[in-house]
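Residue-level listing of the chains:
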Amino acid sequence: MEVLETGKLPNHVAIIMDGNGRWARQRGLPRIEGHIKGLDSVREIITVTRRIGIPYLTLYAFSKENWSRPKDEVQRLLELLGLYLEKELPLMMENDIRFNVIGRTSDFPKRLVRQLNDVMTKTKRHRSLLLNIALSYSGRQEILDAVKAIIKDVKLGKVKRIDEKRFSTYLYTGGIPDPDLLIRTSGEMRVSNFLLWQIAYSEIYITPVLWPDFREEAYFEALREYAIRDRRFGGLKEV
Ligand code: IPE
Ligand code: IPE
Ligand code: MG
């Protein structure tokens, strides 16, 4: 299929979509223009992921730490998210894409929370692609929330033994397999509090390409690189 070997496609791709501000600055535009342009990449990457049959995609769209940005940028980002949901619901309906949010959405304005819940409900029976969007997300917070929830269930007698498998069901991503491939655009060599538990054995791919420029070809480059990686999970290389 196309230029990719289907057998070696990742099952779950997670992406830190970074570099919108720099993309805009390089063109002498306000940062928000980078975010707007970045939405075209979001649409393209979702469409390609669905087309080539990768069943899980997680996109880091807004971190808990991003609340510390100037009020105006945060407000515009939230507005964009609302508009995006309105515009892209048909794409999800037509392509059997299930929409899911991970993160503390209760931090968002009520209207947006309603909109997010509405899209999750409308798409909940879709099975071809699970699209996870990380919003107001923090990996450390997610682990703490899981610890609190599991303690509660231990006290109620619902949980007797805590092991990795059981613990991971308490994360926001409970039931979703760990990412095989973690992509970060714009060249920063850090994980910025994203999926700290889940990326324990993910292959990491960092590209200097800024998010608004990250389209099908750049994505395929990442997938081709993934296909030739040797995943050992601590074992020995096969001979
Ligand atoms: C990523 O682009 C989008 C969000 C974090 C919301 P940035 O806004 O971080 O862009 P840079 O890193 O400043 O270029
Ligand atoms: C990470 O990007 C968060 C998202 C892509 C949503 P940031 O731009 O916020 O991360 P830092 O500040 O470079 O670590
Ligand atoms: Mg950034």
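Scope of this entry: the structure provided in the associated data block.

Calculation criteria
Residues numbered from 1 in each chain as written. Chains lettered and ligands numbered in written order. Predicted model: local features only at pLDDT ≥ 70, side-chain atom pairs only at ≥ 80, totals over all residues. Heavy atoms only, no water. Helix = DSSP H or I, 4+ residues; strand = E, 2+ residues; numbered from the N terminus. Contact = heavy atoms within 4.5 Å. Near = heavy atom within 4 Å. Polar contact = N/O pair within 3.5 Å; in protein donor to acceptor, adjacent residues only side chain to side chain. Areas by Shrake-Rupley, 256 points an atom, 1.4 Å probe, with all protein chains shown as cover. Buried < 20%, exposed > 50% of the residue type's maximum accessible area, 1.4 Å probe, protein only.

It is worth spelling out the environment of I150 at this point. Locating I150 in the fold gives a position in helix α5 (residues 139-155). It is 41 Å that separates the C-alpha atoms of I150 and R31, two residues lying 119 residues apart in sequence. Contact partners of I150, with chain neighbours within four places excluded, come to V159, I162, R166, F167 and Y170.

M17, D18, G19, N20, G21, R22, R31, H35, A61, N66, R69 and L77 make up every residue found near ligand 1. G19 places a main-chain nitrogen or oxygen 3.4 Å from an oxygen atom of ligand 1. Within the backbone of G21, a nitrogen or oxygen atom sits 2.9 Å from an oxygen atom of ligand 1. When isolated, ligand 1 has an accessible area of 380 Å², and the protein chains bury 88% of it.

Okay, the environment of P212 next. Secondary-structure assignment places P212 in the loop between β6 (203-206) and α7 (216-227). In this structure, P212 is in contact with G19, N20, W23, G34, K37, G38 and S41, ignoring residues within four places of it in sequence.

For D96, which is not a glycine, the phi torsion comes out positive at approximately 60°. Within the secondary structure, D96 sits in the loop between α3 (71-94) and β3 (97-102). Owing to a relative accessible area of 25%, D96 belongs among the partly exposed residues under this scheme. We note that F233 has phi near 50°; this positive angle belongs to a residue other than glycine. The residue F233 is located in the segment after α7 in this model.

These figures capture arrangement, not role.
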